[in-house]
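Letter by letter, the chains look like this.
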Amino acid sequence: MTESLTYHELRLCLEWQVELGIDEAISETPVNRYELAAQAPRPAAPAAPAPAARAESASAGTGAGPAETARAAAAAAPDLESLRAALAAYEHCELKKGAKSLVFADGRPGARVMIIGEAPGRDEDRMGRPFVGRAGQLLDRMLGAIGLSRAAPDIGSAVYITNVLPWRPPQNRDPKPDEIAMLLPFLERHVELAKPEVLVLMGNAACQCVLQARGITRLRGTWTQGFGLPVLPMFHPAYLLRNPHAKREAWADLLDLAAHLETKR
Ligand code: URA
């Protein structure tokens, strides 16, 4: 029966069982726990490692850790196509197994503005392009309002778009800190190769990744520096869909972005 279920369906079944209180799988043969306990008292559980340490140690014993492997692969990519290929060949991130597509980027490399979102959702996973669902359509309208577009023929009006994670997290859950840390070298190299003038960070995951800071309500609208570039954090379009009253602040941030581009022209 499980052969016809997808990864996500199997995961949902498992999560449902955990919610019901099941915390152990039953095997074919019975186990006498009293005997086991008498033979081998359990050692104390070690303290949980920090997220970055987890990313490093996940593949301990197999040579380089995930973050080290990512750093070496990203640094070796001389251009965006090679970087996409390096990500496609990267085997340390579990999200890759459950995703249909590698969602790398959209728009014009070399554009003055590079937008960094969170992670692909269902539509992006299906299409293999970032921001193509409802949040993406709102993003396109927001950019259009200040004369920017991912499809602009002239580079001065173009944008380039990517995400912190290139694979869809199951059930669109938030990116985990160790996933962000593991894939950070790819994002840094992505920015280096795309050569934008400014970064626009959409939401907390992008701020966490580039600025090591969260709290988008406090961060938004204030220019800062990240990856050696001017950075403007903004509310994520998906947040604006859920909280339309925040569009007022988003509009102020868009005008600020337009003014910044105008003064640096
Ligand atoms: N939300 C994101 O952050 N990125 C996408 O690509 C789609 C939705």
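Our structure is the block above this text.
Remember, it's a predicted structure, so these values are computed and weren't measured experimentally.

Draft legend 1. Up close: the overall build of the chain. Within the chain, the regular secondary structure consists of 13 helices and 6 strands. In the chain, once contacts between residues fewer than 6 apart in sequence are set aside, the share between residues at least 24 apart is 70%. Carbon and sulfur atoms provide 56% of the accessible area of the chain, an area that totals close to 14,800 Å².

Draft legend 2. Quick peek at the site of the ligand. Around the ligand sit G117, E118, A119, E124, P130, F131, N163 and H236, and those are all the residues in its vicinity. One nitrogen or oxygen atom from the main chain of E118 is found 2.7 Å from an oxygen atom belonging to the ligand. Here A119 contributes a backbone N or O atom positioned 3.1 Å from a nitrogen atom of the ligand. Within the complex, 91% of the 240 Å² of free accessible area of the ligand lies under protein. Across the shell around the ligand, the residue classes tally to 3 nonpolar, 3 polar and 2 charged.

Draft legend 3. Quick look at the pattern of salt bridges. On inspection of all chains with the given rule, the structure shows 12 salt bridges. We note a salt bridge from E91 to K96, for which the minimum N-O separation is 3.1 Å. E91 gets classed as exposed once you look at its relative accessible area, which sits at 58%. Residue K97 pairs with E94 through a salt bridge whose shortest N-O separation is 2.8 Å. On the accessibility criterion, K97 (59% relative accessible area) is exposed. Linked through salt bridges whose partners overlap, the residues forming this network are D106, R129, D140 and R150.

Draft legend 4. Representation of the packing of helix α5 (residues 80–88) against helix α9 (residues 177–194) within the structure. At a minimum axis distance of 10 Å, the contact between α5 and α9 shows a crossing angle of 170°. Between α5 and α9, the angle falls in the class roughly antiparallel. Both α5 and α9 take part in a crossing whose hand is left-handed. Across from L80, L83, A86 and L87 in α5, the residues of α9 making contact are L183, F186, R189, H190, L193 and A194.

Draft legend 5. Local environment of the pairing of strand β3 (residues 159–163). Of all 5 residues in β3, 5 are buried, a share of seventy percent or more. Both faces of β3 are covered, namely the face carrying V159, I161 and N163 and the face carrying Y160 and T162. Sheet topology note: the strand β1 (residues 106–107)/β3 ladder contains 2 bridges and is antiparallel. Within the sheet, the bridge partner assigned to G107 lies in β3 and is Y160. In this sheet, β3 lies alongside strand β2 (residues 113–117) in parallel orientation, the contact comprising 5 bridges. Each bridged residue has a counterpart across the sheet, and for G117 the counterpart in β3 is N163.

About the cut-offs
- Residues numbered from 1 in each chain as written.
- Predicted model: local features only at pLDDT ≥ 70, side-chain atom pairs only at ≥ 80, totals over all residues.
- Heavy atoms only, no water.
- Helix = DSSP H or I, 4+ residues; strand = E, 2+ residues; numbered from the N terminus.
- Contact = heavy atoms within 4.5 Å.
- Areas by Shrake-Rupley, 256 points an atom, 1.4 Å probe, with all protein chains shown as cover.
- Near = heavy atom within 4 Å.
- Polar contact = N/O pair within 3.5 Å; in protein donor to acceptor, adjacent residues only side chain to side chain.
- Nonpolar A, V, L, I, M, F, W, Y, C, P; charged D, E, K, R; others polar.
- Salt bridge = Lys/Arg side-chain N within 4 Å of Asp/Glu carboxyl O.
- Buried < 20%, exposed > 50% of the residue type's maximum accessible area, 1.4 Å probe, protein only.
- Axes fitted to C-alpha atoms, helices over the stretch in contact; angles between N-to-C directions.
- Parallel < 35°, antiparallel > 145°, perpendicular 65-115°, else oblique.
- Left-handed = near helix turned anticlockwise from the far one by under 90°.
- Pairing = 2+ DSSP bridges.

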